[in-house]
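A look at the structure
The residues making up each chain are set out below.
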Amino acid sequence: MTDSRRNFLKAALAGAGAAALSGCTRLSQKPWVQDALGEVENLTRRVQRVFAGGHALATEYKKSDIAPVFRANGTLNPSTDEYAAHAATGFRNWRIAVGGLVEKPLSLSLDDLQAMPARTQITRHDCVEGWSCIGEWTGVPLAPVLAAARPKPEARYVMFFCADPMGNLPSGEAAYYYESLDLLEATHPQTILAYRLNGQVLPIEHGAPVRLRAERQLGYKMAKYIQRIELVENFHRFAGGKGGYWEDQGYSWYAGI
Ligand SMILES: Nc1nc2c(c(=O)[nH]1)N[C@H]1C(S)=C(S)[C@@H](COP(=O)(O)O)O[C@H]1N2
Ligand SMILES: [Mo]
């Protein structure tokens, strides 16, 4: 592990301790949060062994670089009654299931996610359609969330299943937007489950209540409207088998920038 990585983890752990001492009781009341922070280092070490690559950071920008209006793309409001009902109640009952190849499946509310230490990053979003936009994203790093679920040794990819229907699969079954990352990208410090944009509650057009930010990747990797996260050995059995909605239409699975 590099020094910067070790320092990042130390800072994350120290931050959690300080928050508990300063009276952030919601954090200390949730034993799984504490467990998660203890597990991040184990998970990261394992990931670094599997993938020889690193965790170099994407460029972060200044407040003054933030675009006045962040462009929205793809689904702008999922068309199901179920999503509309969640939106009408401010996503109070929204849950994100974390399952698949894990020892401890989780079902996380927005409160659960917001009780974990947050990260804020000002980054540039690049869409393959040829536009970019700088925005400030706040959310919980995915690494401690995955660590809390205790991934099994066979887990290699993280799948994100979304609430927006995208038409039908050849089988006639409804297709929903979905995406996947390998564990290296999933545990990168700038990979977060974002619930705020530019200091405001995440708007519906940008993926409310929770969307992925994976800052070294192109826009289509960053699933909006996340309902389920699943750890898998490979993604061939899902939908078109290519690891994502756009990948199934021919885009490349690896979309690093
Ligand atoms: N669930 C879902 N996630 C999605 C999409 C989508 O249509 N549905 N579009 C993708 C694409 S192509 C881009 S560029 C970004 C757009 O994010 P934005 O609307 O916040 O700009 O979301 C990505 N994630
Ligand atoms: Mo995109």
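In what follows, the structure referred to is the one given above.
Here goes a summary of the coordinates provided. Treat the numbers as computed from the prediction; the structure is a model and nothing was measured.

**A word on the overall build of the protein**
- Helix and strand content of the protein: eight helices and ten strands.
- The buried share of the protein, taken over its 257 residues, is 49%.
- Entry remark: accessible area of the protein is about 11,800 Å², with carbon and sulfur atoms responsible for 52%.

**Focus: the sheet that holds strand E5 (residues 157-168)**
- Read across the open sheet, the five strands follow the order E2-E1-E10-E5-E6; overall the sheet is mixed. The open sheet has two edge strands, strand E2 (106-108) and strand E6 (174-182), and neither has a second partner. This sheet shows a mean twist of 25° between the axes of neighbouring strands, independent of strand direction.
- Of the strand pairs in this sheet, E5 and E6 are connected by seven bridges, and their pairing is antiparallel. The residue bridging Met-159 from the neighbouring strand is Ser-180, located in E6.
- On top of the sheet, helix H6 (residues 142-149) reaches strand E1 (96-100), E2, E5 and strand E10 (226-232); it is set at about 140° to E2, its chief contact.

**Considerations on the pairing of E10**
- Burial within E10 is extensive, with five of its seven residues counted as buried.
- Inspection of the sheet shows E1 paired to E10 by four bridges, in the parallel sense. Bridged to Ala-97 within E10 is Arg-228.
- Here E5 runs beside E10; their pairing, made up of six bridges, is antiparallel. Bridging from a neighbouring strand, Phe-161 pairs with Arg-228 of E10.

**Here's the deal with the environment of Ala-87**
- Mapping Ala-87 onto the fold places it in helix H4 (residues 81-88).
- Spatially, the C-alpha atoms of Ala-87 and Ile-204 are 8.1 Å apart, while their sequence positions differ by 117 residues.

**Some thoughts on empty space enclosed by the protein**
- This model, assessed by the stated rule, comprises one cavity of 30 Å³ or more.
- The space that makes up the largest cavity amounts to roughly 30 Å³.
- Tallying contributions element by element places E6 first for the lining of the largest cavity, with three residues.
- Among the residues making up the lining of the largest cavity, the classes are represented as four nonpolar, two polar and three charged.

**A look at the site of ligand 1**
- As a matter of local geometry, ligand 1 sits amid 21 residues, with Arg-71, Asn-73, Asp-164, His-206 and Lys-224 nearest to it.
- Contact between ligand 1 and Met-222: a nitrogen atom at 3.0 Å from a main-chain N or O atom of the residue.
- Separating an oxygen atom of ligand 1 from a side-chain N or O atom of Lys-224 is a distance of 2.6 Å.
- Protein contacts shield 99% of the accessible area of ligand 1, which totals 540 Å² for the unbound molecule.

**Notes on the environment of Pro-189**
- Within the element layout of this structure, Pro-189 appears in the loop between helix H7 (183-186) and strand E7 (191-197).
- Pro-189 sits 25 residues away from Ala-214 along the chain, and the two C-alpha atoms are 9.1 Å apart.

**With respect to H6**
- Of all eight residues making up H6, eight are buried, and the element is well covered by its neighbours.
- Regarding H6, the residues found buried are Leu-142, Ala-143, Pro-144, Val-145, Leu-146, Ala-147, Ala-148 and Ala-149.
- Immediately beyond the C-terminal end of H6, within one or two residues, lies Arg-150, with a positive phi of roughly 55°.

**Quick word on the side chain of Glu-247**
- Its location among the elements puts Glu-247 in helix H8 (residues 245-248).
- Glu-247 has contacts with Glu-179, Tyr-220, Lys-221, Lys-242, Ser-252 and Trp-253, leaving out every residue within four places of it along the chain.

Thresholds, definitions, all that
Residues numbered from 1 in each chain as written. Chains lettered and ligands numbered in written order. Predicted model: local features only at pLDDT ≥ 70, side-chain atom pairs only at ≥ 80, totals over all residues. Heavy atoms only, no water. Helix = DSSP H or I, 4+ residues; strand = E, 2+ residues; numbered from the N terminus. Buried < 20%, exposed > 50% of the residue type's maximum accessible area, 1.4 Å probe, protein only. Areas by Shrake-Rupley, 256 points an atom, 1.4 Å probe, with all protein chains shown as cover. Pairing = 2+ DSSP bridges. Axes fitted to C-alpha atoms, helices over the stretch in contact; angles between N-to-C directions. Contact = heavy atoms within 4.5 Å. 1 Å grid on protein atoms, 1.4 Å probe; cavity = no way out; pocket = protein on both sides within 12 Å on 5 of 7 lines; lining within 4 Å. Points joined across faces, edges and corners; volume = space filled by probe spheres on them. Nonpolar A, V, L, I, M, F, W, Y, C, P; charged D, E, K, R; others polar. Near = heavy atom within 4 Å. Polar contact = N/O pair within 3.5 Å; in protein donor to acceptor, adjacent residues only side chain to side chain.

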